[in-house]
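Summary of the model geometry
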Amino acid sequence: MCTPQAFLSKNDNAHLLHPITEFRTQEKKGPRIFTGGKGIRLDTIDGRSVIDGFSGLFNINVGHGRTEIADAVAEQMRKLAYYPSFYGFSSEPAIRLAERLSKLMPAPSEIDHFLFTTGGSDANETAFGTARLYHALRGEKSRKKILSRRWSYHGITRGAGSATTIPLYHMFSEPDPLHVPVAAPYCLRCQFGLKLHDCGLRCVDSVAETIQKEGADTIAAFIAEPVFGTGGIIPPPPEYFQRLADLCRSHGILFILDEVITGFGRTGTWFGMEHWNVYPDLVSLAKGITSGYLPLGAMGVSRRVYETIRDQSPQKYPFMIGLTYNNHPSSCAAALANIEIIENEGLVDKSRQVGAYMLERLQEVFKDHPFVAEIRGLGMLASVEFANPGSLDPVGGRPMAFTGAVVGRCWEEGLIIRALWENVSLAPPLCTTPAQVDEMIDIVRKAVESVTRKYI
Ligand code: PLP
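In short, a report on the structure.

1. Thoughts on the packing of helix 8 (residues 202-214) against helix 9 (residues 240-250)
One way to put it is that helix 8 packs onto helix 9 with a least axis distance of 10 Å and a crossing angle of 15°. Relative to helix 9, the element helix 8 is oriented roughly parallel. By crossing handedness, the relation of helix 8 to helix 9 is classed as right-handed. For the pair formed by helix 8 and helix 9, the contact residues are Cys 203, Val 204, Asp 205, Val 207, Ala 208 and Ile 211 on the first element and Tyr 240, Arg 243, Leu 244 and Leu 247 on the second. Taken together, the residues of the contact of helix 8 with helix 9 break down into eight nonpolar, no polar and two charged.

This is the structure in structure tokens:
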């Protein structure tokens, strides 16, 4: 006779593949199984209660255990769980969600048509295909390349994975040659060795040089995250996005904002673009759109892109992009209920206020630590970047050894956060209170102190 926990652990090792997990270590350590959650806390199968300081994967914006979303989904599933939206078939939740999003989008973006996907990778994949189609229909078939910045994460499927420029993702596969990496505004690690304010935004000039070199007439789109997420939570310098968007427009390159992490209040505004009044031609959404209660992503297009495809497509030629689960009614019902919670509970304002408090506390606690290279954040996204004093090498010389150990200690003390390279990063649910921020930062502080002792 084995206990349910022993049964699950054994069969997890025996049969379940875990993404972004090293199988050797996984078999030794076994799974960490969750059985429930409420607010910012999760219950584990062995009876612990831990704080979710990363909102799952930056996505559980409204927190755990929201029965309103479960009820909305159950009600929809009882009526109509699913029907495809190919050939003009439609459903009420998909229509209502598209209408809702077109109102939530900042008006100057003129983004008012949406295709719902299953997540962020396929939202980006769809955006690349749509951008190429747009150009081809306007007689510029040669515009196929996609520019993305170093340190970007845009997903893992072929196109989105090729726009992802973090080297670890390409250890055993070459990115698609139609994807061209460009300079990033990662000021701490400026690839030109310059300092912000004296640099004249050299990274934007460098993008201009890449466009020149590749030929603007070969480039379909530029994709960027408003705040680098997986790259380490890196907000841009103030004028960066305006200059970048102007540069793209002046060359007829479509500008895609990947708001997969930054959408739905994560940075203290509904969408990241609102911080800099920069408006894309296409937008990708996912994660916080349902707070993870069901899988969903979205690609939004501006009226100009929509009308070009509508008016320029040859007669009888359909929009040849389609997944079985596009515009899924049950997932759209989850998104509608989720957005209602964000609105009713003022979670966008809370994200801005509590996020500012979180950053202030991190600065207070860590600014004098000898290994701290930088503390960054926006809304409910924050990172403390660690490095060897006097250099930007990893502490102790081994990548992620320090940050990985800190995150491991935090888990032992009941807090889940993430090591993003040399960053210790937090992204708690938007409903987190200042007292809960204090609780998290106290755990992180003790973990950093304990790991630091091994290095000095
Ligand atoms: N874009 C960004 C900015 C992301 O952070 C992610 C996932 O982390 C994706 C796209 C891919 O989304 P998904 O994992 O839902 O395919």
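Having put the structure on the table, let's press on.
2. A short note on the nonpolar core
Leu 101 and Phe 222 are the most contacted members of the largest nonpolar core, which totals 97 residues. Residue assignment places this core across two domains, with domain 1 (32-62 + 346-452) and domain 2 (69-344) each supplying three or more. Beyond its immediate sequence surroundings of up to four residues, Phe 222 is in contact with Leu 147, Arg 149, Val 182, Val 207, Leu 244, Cys 248, Ile 253, Leu 254, Phe 255 and Ile 256.

3. Topic: empty space enclosed by the protein
Throughout the structure, instances matching the rule amount to one cavity of 30 Å³ or more. Volume-wise, the largest cavity comes out at about 100 Å³. Lining the largest cavity are 15 residues, and of these Pro 185, Cys 187, Cys 190, Cys 199 and Cys 203 sit closest to its centre. Residue classes in the lining of the largest cavity are distributed as twelve nonpolar, one polar and two charged.

4. Some points on the site of the ligand
Residues in contact with the ligand, as listed here, are Gly 119, Gly 120, Ser 121, Asn 124, Tyr 153, His 154, Gly 155, Glu 225, Asp 258, Val 260, Ile 261 and Lys 287. The separation between an oxygen atom of the ligand and a polar side-chain atom of Ser 121 is 2.6 Å. Between the ligand and Asp 258, the relevant distance is 2.7 Å, taken from a nitrogen atom to a side-chain nitrogen or oxygen of the residue. Contact with the protein chains covers 80% of the free accessible surface of the ligand, which is 390 Å².

5. Quick word on the side chain of Lys 145
Looking at the element boundaries, Lys 145 is found in strand 5 (residues 145-149). With a relative accessible area of 16%, Lys 145 lands in the buried category. Reaching out from Lys 145, the side chain makes a polar contact with the side chain of Glu 214 at a distance of 2.7 Å. In contact with Lys 145, other than residues within four places in its own chain, are Leu 178, Val 180, Glu 214, Thr 218, Ile 219, Ala 220 and Ala 221.

6. Some words on the sheet that holds strand 9 (residues 282-285)
Taking strand neighbours across the sheet as the criterion, the seven strands line up as 4-10-9-8-7-5-6 in an open arrangement whose pairing is mixed. Two strands bound the open sheet, and with one partner strand each, they are strand 4 (111-117) and strand 6 (179-182). For this sheet the average axis-to-axis angle between neighbouring strands, irrespective of direction, equals 25°. As judged from the four bridges shared by strand 7 (residues 219-224) and strand 8 (residues 254-258), these two strands associate in the parallel manner. Its bridge partner lying in strand 8, Phe 222 is registered against Phe 255. In the packing of helix 9 onto the sheet, the strands contacted are strand 5, strand 7 and strand 8, and the crossing angle to strand 8 comes to about 145°.

7. Re the packing of helix 13 (residues 401-412) against helix 14 (residues 434-452)
Remark: helix 13 packs on helix 14, axes separated minimally by 9 Å, with the N-to-C direction vectors making an angle of 130°. Between helix 13 and helix 14, the crossing angle belongs to the class labelled oblique. Of the two elements, helix 13 crosses helix 14, and the hand of that crossing is right-handed. Between helix 13, through Phe 402, Ala 405, Val 406, Arg 409 and Cys 410, and helix 14, the contact on the second element is made entirely by Ile 443, Val 444, Ala 447, Val 448, Ser 450, Val 451 and Thr 452. By residue class, the composition of the contact of helix 13 with helix 14 is nine nonpolar, two polar and one charged.

Cut-offs and rules
- Residues numbered from 1 in each chain as written.
- Predicted model: local features only at pLDDT ≥ 70, side-chain atom pairs only at ≥ 80, totals over all residues.
- Heavy atoms only, no water.
- Axes fitted to C-alpha atoms, helices over the stretch in contact; angles between N-to-C directions.
- Helix = DSSP H or I, 4+ residues; strand = E, 2+ residues; numbered from the N terminus.
- Parallel < 35°, antiparallel > 145°, perpendicular 65-115°, else oblique.
- Left-handed = near helix turned anticlockwise from the far one by under 90°.
- Contact = heavy atoms within 4.5 Å.
- Nonpolar A, V, L, I, M, F, W, Y, C, P; charged D, E, K, R; others polar.
- Core = buried A, V, L, I, M, F, W, Y, C linked by side-chain atoms within 4.5 Å.
- Buried < 20%, exposed > 50% of the residue type's maximum accessible area, 1.4 Å probe, protein only.
- Domains from an automatic or database assignment.
- 1 Å grid on protein atoms, 1.4 Å probe; cavity = no way out; pocket = protein on both sides within 12 Å on 5 of 7 lines; lining within 4 Å.
- Points joined across faces, edges and corners; volume = space filled by probe spheres on them.
- Near = heavy atom within 4 Å.
- Polar contact = N/O pair within 3.5 Å; in protein donor to acceptor, adjacent residues only side chain to side chain.
- Areas by Shrake-Rupley, 256 points an atom, 1.4 Å probe, with all protein chains shown as cover.
- Pairing = 2+ DSSP bridges.

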